[in-house]
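Chain residues, written in single-letter form:
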Amino acid sequence: MMATEPEVGLTGLLKDIDSDQWSTVREAVDQAGILLRQGGLDPTAHSLVGQRLAKLSTHPKWEVRKALAHACLHLRHDTFDRIMAALDLDDNDLVRNAAKRTLSRRSELSRTDMLKDQHGDLMLRWLEELEAKHGPRARNAARRVAEKLHGQFVKELNHEMVKVISPLDASLENIEVEISKTRSNPDDLHRHTRRARERVRFLISILESLRALTQEVEPDFQTESLRSMVEEAIHLVRDRKKENRVMEADIRIDPALTVEANRHLLLQALTNVIQNSVDAYAGTQCHPVITITAHEHNGSRVQVTIADQGCGMSEEAVKDAFQLFATSKPHGTGFGLTIAKKIIESDHNGRVYLESIKGKGTTVTIILPKEQEGREW
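A few points on the structure. (Residues numbered from 1 in each chain as written. Predicted model: local features only at pLDDT ≥ 70, side-chain atom pairs only at ≥ 80, totals over all residues. Heavy atoms only, no water.)

The alternating pattern of strand 3 (residues 258-261) places Val259 and Ala261 on a buried face and Thr258 and Glu260 on a face that is not buried. Of the strand pairs in this sheet, strand 1 (residues 222-225) and strand 3 are connected by four bridges, and their pairing is antiparallel. If you follow Glu224 over to strand 3, its bridge partner there is Val259. (Buried < 20%, exposed > 50% of the residue type's maximum accessible area, 1.4 Å probe, protein only. Helix = DSSP H or I, 4+ residues; strand = E, 2+ residues; numbered from the N terminus. Pairing = 2+ DSSP bridges.)

Structure, rendered in structure tokens:
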């Protein structure tokens with residue numbers, strides 16, 4: 001059977017890459033780069049070309065190594081990373097500079113690929129709207145900020161996941177060891193299984209918090225009694241944990257005071273803040289007392305304060321309080337205040353501030369528009 005044209009072309013290309021003539025090798029590398037860029041290779045052929053190109057990272061001629069730096073742009077990550085690691089340490093300045101340009105271009109392509117998915121389409125539309133209103137400099141600045149936030153989020157999420165998954169894996173390994181024993185100890189099996197399930201539930205709580213943080217909610221604003229909402233939030237907190245039931249709430253809010261709000265979302269924000277205040281008494285000898293006040297602020301807004309006299313926070317902790325995963329609680333996810341901030345500021349066009357003194361307590365101040373119409377701050 002005669003070989004097909006692509007097979008003949010690939011065979012010739014691989015042969016030229018292995019040639020003893022460096023000029024032939026360089027031309028073959030250029031041709032391989034074109035094929036990779038065009039996507040004209042099936043997975044098997046892509047892998048074969050990648051393997052051959054990887055061997056050229058130590059080729060004696062710098063011209064070949066420089067051509068390789070350009071050609072490997074569209075290789076798969078593992079092969080690309082291996083070649084770049086070698087070229088980044090190359091003795092020739094031209095080769096190293098070519099590798100740096102390729103790394104930069106690869107980063108741009110990765111960001112472009114990220115922007116092609118569903119959320120990326122939405123991001124592109126936002127950037128286009130921003131550019132139309134404020135120009136290309138505003139668009140570029142917003143894109144850079146978004147990329148940095150995305151990178152920070154992925155890094156922090158990975159860190160938190162590893163903290164949970166590693167001990168979970170250890171618990172499962174202990175279970176496996178116990179099962180393999182001729183006479184396993186049921187108590188040990190139950191203990192390891194219980195720990196594994198606790199960690200799985202913790203993972204689920206993180207994922208549910210992520211969903212709450214990122215979900216898009218249709219605005220459904222109604223005029224609500226602020227005191228009624230605070231009272232309901234207190235009940236919800238008391239029902240969360242048995243130890244919360246001893247909490248005392250001193251509510252100083254006029255029943256006639258109202259705000260336009262999405263009741264479900266604002267309740268979630270209030271319960272998260274109040275729960276944080278209750279948790280601040282853990283490890284202290286004080287009985288948990290939460291003081292909640294509210295009054296009109298500048299005519300068109302309402303100011304709510306939620307204060308406790310719990311353990312308080314250091315200056316550094318205050319700075320990080322609304323950051324994702326920031327928590328000092330042994331079993332906390334670090335999402336409570338982050339979600340509250342998102343609901344208050346993004347969903348309700350409000351503001352939230354936190355003041356705290358270590359050993360004396362914390363006060364959270366929430367400012368909300370009385371009416372959401374126009375949503376102008």
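This paragraph deals with the pairing of strand 5 (residues 301-308). With seven of its eight residues buried, strand 5 lies for the most part within the structure. In this sheet, strand 5 lies alongside strand 4 (residues 289-297) in antiparallel orientation, the contact comprising seven bridges. Opposite Ala294, over in strand 5, you have Val304 as the bridge partner. Turn length for the strand 4-strand 5 hairpin, with the two strands adjacent in sequence and antiparallel, is three residues, and the turn residue Asn298 shows positive phi of about 55°. The pairing of strand 5 with strand 7 (residues 361-369) spans eight bridges and is antiparallel. Counted as the bridge partner of Gln303 is Ile367 from strand 7.

For the rest of this paragraph, the subject is the pattern of salt bridges. Per the counting criterion, the structure on display carries ten salt bridges. A salt bridge links Arg263 to Glu224; its shortest N-O distance comes to 2.7 Å. In this pair, Arg263 is assigned in helix 11 (residues 263-279) and Glu224 in strand 1, connecting sequence segments 39 residues apart. Using a relative accessible area of 14% as the deciding quantity, one classes Glu224 as buried. With its nearest N and O atoms 3.3 Å apart, the salt bridge here joins Asp347 to Lys342. For the residue pair Asp347 and Lys342, the accessibility class agrees, reading buried in each case. One connected set of salt bridges, linked through shared partners, spans Glu224, Glu232 and Arg263. (Salt bridge = Lys/Arg side-chain N within 4 Å of Asp/Glu carboxyl O.)

What follows deals with helix 10 (residues 226-240). Helix length check: helix 10 (15 residues) gives 21 Å between terminal C-alpha atoms against 21 Å at 1.5 Å per residue, within 8%. Where helix 10 is concerned, the buried positions are Leu226, Met229, Val230, Ala233, Ile234 and Val237. Looking down the long axis of helix 10, one finds its buried residues gathered within 145° of arc, a one-sided arrangement. Packing partners of the buried residues in helix 10 comprise strand 1, strand 2 (248-252), strand 3, helix 11, strand 4 and strand 5. (Expected span 1.5 Å × (residues − 1). Arc of directions from axis to C-beta. Contact = heavy atoms within 4.5 Å.)

Another aspect to go through is the packing of helix 4 (residues 62-71) against helix 5 (residues 77-87). Between helix 4 and helix 5, whose axes approach to 11 Å, the crossing angle comes to 140°. As far as their axial angle goes, helix 5 and helix 4 are oblique. Of the two elements, helix 4 crosses helix 5, and the hand of that crossing is left-handed. Judged by residue contacts, Arg65, Leu68 and Ala69 of helix 4 engage Ile83, Met84 and Leu87 from helix 5. (Axes fitted to C-alpha atoms, helices over the stretch in contact; angles between N-to-C directions. Parallel < 35°, antiparallel > 145°, perpendicular 65-115°, else oblique. Left-handed = near helix turned anticlockwise from the far one by under 90°.)

Moving on, we get to the nonpolar core. One finds Ile274, Ile292, Ile306 and Ile366 to be the most contacted residues of the largest nonpolar core, which totals 40 residues. Contributions of two or more residues to this core are made by helix 10, strand 3, helix 11, strand 4, strand 5, helix 13 (336-347), strand 6 (351-357) and strand 7. Element by element, the count of residues in this core is highest for helix 11, at eight residues. (Core = buried A, V, L, I, M, F, W, Y, C linked by side-chain atoms within 4.5 Å.)

We now examine the packing of aromatic side chains. For the structure shown, the criterion picks out zero aromatic pairs. Directly above the aromatic system of Trp22 lies the positively charged group of Lys61, at a separation of 4.9 Å from the ring centroid. (Phe/Tyr/Trp six-rings, centres within 6.5 Å; stacked < 30°, edge-to-face > 60°. Lys NZ or Arg CZ within 6 Å of the ring centre and 35° of its normal.)

Purely geometric numbers; function is a separate question.
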